[in-house]
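Chain and residue survey
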Amino acid sequence: MENTVYNFSAGPAMLPVDVMQQAQAEFCNFNNLGVSVMELSHRSQDFISVATQAEQDLRDLMHIPDNYKVLFLQGGGRGQFAALALNLMGKNAKADYIVTGQWSKSAIAEAEKVGQVRALDGFVKAENEQGPRALATEWDLDPNAAFVHYCINETVDGIEYPFIPETGDVPLVADMSSTILSRPVDVTKFGLIYAGAQKNIGPSGLAVVIVRDDLLDQAFPNTPAIMDYAALAKADSMLNTPPTYAWYLAGLVFKWLKRQGGLTVMGERNKAKADLLYNYVDASDFYSNSVHPEARSWMNIPFQLKDDSLNEAFLAQAKAAGLVALKGHRLVGGMRASVYNAMPIEGVQALVDFMDKFAKQQG
Ligand code: PMP
């Protein structure tokens, strides 16, 4: 099956075609068991093999050391906004949150329910009021905070860190929802990494948490068991019935990533895809992107048309050309192309070709 449509959705997002085809081929009869993987008990050896293989493949891809637990959980990214605060602020209810956009802001709302949170501006002061703001590399951090939280890739704003913040002895906690697995990352620099699955991992309904062992003893005593990382780790993420089908699909995506050559290869491809679109936008006087060049996301690329009144026509014609889900987030407007791992460079080229045709058509 060839791709007839390129799907630029921010999430749930496009999955690799190979993965969908494999899932389809074994949908009713998994491993010749005569049943679907989604009909297997999570306690069965057949499913436990799927689950442990997925974890091992993720560990291999990200080079996750043995002193980190990998959890496959429910509740998406927002579930972890709450869970991480409950798990890490029980002994010291103070945390610093670096704010760079919509998602880092949203994360604060959950932490504020259980402790004292300081919101730190993630940008340096702009040289002029209109110009794009560069990411700060230093913050007024509290050395006694339980952790520092940041969002590596702001899905709505199209802002991505090209570096890992230095936080000294204070554990660094990262929302990696929309950039996990898109390029290599040094896991040892983090106390905790979490990600909703529906962008680069698999279908929604699953969240992955990678947490350093020494942070597993800081939960509030009244943390619900279903959010308690230590209890979940002890139960191999099977304290209750996990989202088994989503876990299985994530495992297929991890195998696909390994077949592509791993995260170094994905990083090169993602950079090439992003460069293609940003270079076109920068050279055009019809489209624009207002993010500081060093903070531009490789995964979510917002762009504006010269005239907002053309947005509807742009979207309709793009859809007719097989380029879907390009509408920008309601808070930002304009367009947004999400180009996660599953998006081939041909899709980005098709988008650039369409954009060029559309701009010329407007004269
Ligand atoms: N963090 C980021 C960076 C996101 O992009 C999203 C969802 N788009 C979330 C958190 C929230 O994820 P969920 O909808 O799975 O709760």
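About the thresholds
Residues numbered from 1 in each chain as written. Predicted model: local features only at pLDDT ≥ 70, side-chain atom pairs only at ≥ 80, totals over all residues. Near = placed C-beta within 6 Å. Helix = DSSP H or I, 4+ residues; strand = E, 2+ residues; numbered from the N terminus. Nonpolar A, V, L, I, M, F, W, Y, C, P; charged D, E, K, R; others polar. pLDDT = per-residue confidence, 0-100. Pairing = 2+ DSSP bridges. Axes fitted to C-alpha atoms, helices over the stretch in contact; angles between N-to-C directions. Contact = placed C-beta atoms within 7 Å. Domains from an automatic or database assignment. UniProt positions renumbered as here; feature names shortened; annotations may be inferred. Expected span 1.5 Å × (residues − 1). Buried ≥ 20, exposed ≤ 12 C-beta atoms within 10 Å, placed from the backbone.

Focus on the site of the ligand
In the vicinity of the ligand, the contacting residues are Gly11, Gly76, Gly77, Arg78, Trp103, Cys151, Thr155, Asp175, Ser177, Ser178 and Gly196. Per-element tally for the shell around the ligand: the top contributor is helix α3 (residues 76-88), with three residues. Split into classes, the residues belonging to the shell around the ligand amount to two nonpolar, seven polar and two charged.

What about the confidence of the model for the protein?
Here the protein averages 96 in pLDDT, and 98% of its residues register 70 or above. For this predicted complex, the interface confidence score (ipTM) comes to 0.99, while the overall pTM stands at 0.97.

Thoughts on the sheet that holds strand β2 (residues 68-73)
Read from one edge of the open sheet, seven strands run β2-β10-β9-β8-β5-β3-β4, paired in mixed fashion. Each edge of the open sheet is held by one strand with a lone partner, namely β2 and β4 (116-121). Going from strand to strand, the sheet's axes swing by 15° on average, the running direction of each strand aside. Sheet topology places strand β9 (residues 192-196) next to strand β10 (residues 207-212); five bridges connect them, and they run antiparallel. Bridged to isoleucine 193 within β10 is isoleucine 210. Across the face of the sheet, helix α4 (residues 102-111) comes into contact with β3 (94-99), β4, β5 (147-151) and β8 (172-175) while running at roughly 160° to β3.

A word on the domain arrangement of the protein
Domain annotation of the protein identifies domain 1 (20-260) and domain 2 (262-362). The gap between the C-alpha centroids of domain 1 and domain 2 is 26 Å. Looking at the side of domain 1 that touches domain 2, the elements that each hand over two or more residues are β7 (159-160) and α6 (244-260). With three residues, α6 is the single largest residue contributor to the side of domain 1 that touches domain 2.

Things to note about the environment of methionine 38
Mapped onto the secondary structure, methionine 38 falls in the loop between α1 (17-25) and α2 (45-62). In this structure, the C-alpha to C-alpha distance between methionine 38 and histidine 63, residues 25 residues apart in sequence, is 29 Å. Among all residues touching methionine 38, those that are not within four sequence positions of it are Thr244 and Tyr245.

Structural notes on the UniProt feature "binding site: L-glutamate" (unreviewed entry) in the protein
In the numbering adopted here, UniProt assigns the feature "binding site: L-glutamate" (unreviewed entry) to Arg43. Position of arginine 43 relative to the elements: it lies in the loop between α1 and α2.

Regarding α3
Residues lying three or four places apart along an α-helix face the same way, a consequence of the helix completing one turn every 3.6 residues. When the terminal C-alpha atoms of α3 are compared, their 18 Å separation across 13 residues agrees well with the 18 Å that a helix rising 1.5 Å per residue should span. Looking only at α3, the buried set comprises Gly77, Gln80, Phe81, Ala83, Leu84, Ala85, Leu86, Asn87 and Leu88. Buried positions along α3 lie against α4, β5, β8, β9, β10 and α5 (229-234).

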